[in-house]
Amino acid sequence: MTGSTGPRRWDAASYDRGFTFVWKHGADLIDALDPQPGMRVLDIGCGTGHLTGAIAGRGAVVVGLDRSPDMIGQAAQNVPGIPFVIADARALPFGTAFDAVFSNATLHWITEPELVIEEIRRVLKPGGRFVAELGAAGNVAKLITTLCRAMAEAGYEPPTGSPWYYPTLAGYTNLLERHGLEPIFATVFDRPTVLEGGEGGLCNWFAMFAGWYLDPLPPPARAAVIARTEAILRPDLYRDGRWTADYRRLRVVAVRSSS
Ligand code: BEZ
């Protein structure tokens, strides 16, 4: 995971153990990428490297890139033999070198989307493809609205703004077009996502991803706010011992114009 608001430090081992749904849900995005032997692919926000390894498994020559040294360390352990690079997607350390750029569940962490789109266009060869999934407008809205409500009830003012960029389909495809990437496929869909960890799954999700909201609180207040959030959400999002998060996804394929 890379980006401007995403933490640089991650507990990559816990992430790898407890959030496998992130890469498992991204596996069919590789079909949209359609890697071919010898095709040069950049995987932006490769995290712990599982999808990078799957792309390499189809014969492509892939580089995994992530801003987090912890994620890259774990990726190198998980998938030896693949080049993994620590870098910021807003300043890619490559020339025009790739037939495709791939990204799963990362680009919503970058709140200056035009910077990363410009970089993706620059590193793609003319005719090269950009294949991505990210959170769409409305992603995890129930989780975050309820967390903020619980914070306010406990006397803590929720932070203004958001650590995430969740575009609409029209907003994102317009942005791509304006920056020299022609969208040839785009869709938005709800993907209710079952969290791992049973009863603890929602608490784990907030602990891993919602530091923007929770870090300013003293630890006992954090626990109380999460418990209140769980109590409000339980009738809607907890069933048969599992929490479901209200994920909403944007998938896009775009082509770099020949100029
Ligand atoms: C997502 O993949 O949509 C996501 C992951 C962590 C935090 C927020 C959103």
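Going by the structure above, here's the rest.
Residues numbered from 1 in each chain as written. Predicted model: local features only at pLDDT ≥ 70, side-chain atom pairs only at ≥ 80, totals over all residues. Heavy atoms only, no water.

J.: How do you make sense of empty space enclosed by the protein when you look at a structure like this?
T.: It is the rolling of a water-molecule-sized probe over the atoms that shows where space remains empty. Evaluated as defined, the whole model comprises two cavities of 30 Å³ or more. For the largest cavity, the calculated volume is near 190 Å³. In terms of lining, the largest cavity is formed by 20 residues, of which the most central are Ala105, His108, Phe209, Tyr247 and Arg249. Mapped onto the lining of the largest cavity, the elements with two or more residues apiece are helix H2 (20-26), helix H9 (201-209) and strand E8 (242-256). Considering each element in turn, the lining of the largest cavity owes the most residues, four residues, to H2. Split by residue class, the lining of the largest cavity holds 12 nonpolar, five polar and three charged. Here the second largest cavity is characterised by a volume of approximately 140 Å³. (1 Å grid on protein atoms, 1.4 Å probe; cavity = no way out; pocket = protein on both sides within 12 Å on 5 of 7 lines; lining within 4 Å. Points joined across faces, edges and corners; volume = space filled by probe spheres on them. Helix = DSSP H or I, 4+ residues; strand = E, 2+ residues; numbered from the N terminus. Nonpolar A, V, L, I, M, F, W, Y, C, P; charged D, E, K, R; others polar.)

J.: How should the site of the ligand be read in this particular structure?
T.: Within the structure, the ligand sits among Ala105, His108, Trp109, Asn139, Trp164, Tyr166, Trp205, Phe209, Tyr247 and Arg249. One of the side-chain nitrogen or oxygen atoms of arginine 249 is found 2.6 Å away from an oxygen atom of the ligand. Computed on the free molecule, the ligand has an accessible area of 260 Å², of which 98% lies beneath the protein chains in the complex. Most atoms of the ligand, that is more than half of them, are within 2 Å of grid points of the largest cavity. Residue assignment for the shell around the ligand shows that the elements contributing at least two residues are H9 and E8. (Near = heavy atom within 4 Å. Polar contact = N/O pair within 3.5 Å; in protein donor to acceptor, adjacent residues only side chain to side chain. Areas by Shrake-Rupley, 256 points an atom, 1.4 Å probe, with all protein chains shown as cover. Sits in = over half its atoms within 2 Å of the grid points.)

J.: How should I be thinking about helix H11 (residues 219-237) in this particular structure?
T.: Along an α-helix, residues three or four apart share an orientation, since each turn contains 3.6 residues. When the local axis directions of H11 are compared, the greatest deviation, roughly 35 degrees, occurs at alanine 231, which is followed within four positions by the proline proline 235. Taken as a whole, H11 has its buried residues at Ala221, Val225, Ile226, Thr229, Glu230, Leu233 and Leu237. (Bend = angle between axes of the 7 residues up to and from the residue. Buried < 20%, exposed > 50% of the residue type's maximum accessible area, 1.4 Å probe, protein only.)

J.: Honestly, the side chain of glutamate 133 in this entry has me stumped. Any pointers?
T.: Relative to the elements of secondary structure, glutamate 133 occurs in strand E5 (residues 124-135). At a separation of 2.8 Å, a polar atom in the side chain of glutamate 133 contacts the side chain of arginine 249. Leaving out residues up to four positions away in the same chain, glutamate 133 has contacts with Leu29, Ser103, Asn104, Ala105, Thr106, Phe189, Arg191, Arg249, Leu250 and Arg251. (Contact = heavy atoms within 4.5 Å.)

J.: In this structure, what is going on with the packing of aromatic side chains? I would like to understand it.
T.: Taken as a whole and assessed by the stated rule, the structure comprises 18 aromatic pairs. Aromatic side chains tyrosine 15 and phenylalanine 19 sit 6.0 Å apart centroid to centroid with 15 degrees between the ring planes, which places their arrangement in the stacked category. When sorted by exposure, tyrosine 15 lands in the same class as phenylalanine 19, which is buried. Here the basic side chain of arginine 234 rests over the ring of tyrosine 238, its NZ or CZ set 4.7 Å away from the ring centre. (Phe/Tyr/Trp six-rings, centres within 6.5 Å; stacked < 30°, edge-to-face > 60°. Lys NZ or Arg CZ within 6 Å of the ring centre and 35° of its normal.)

Honestly, it's all geometry; don't read function into it.
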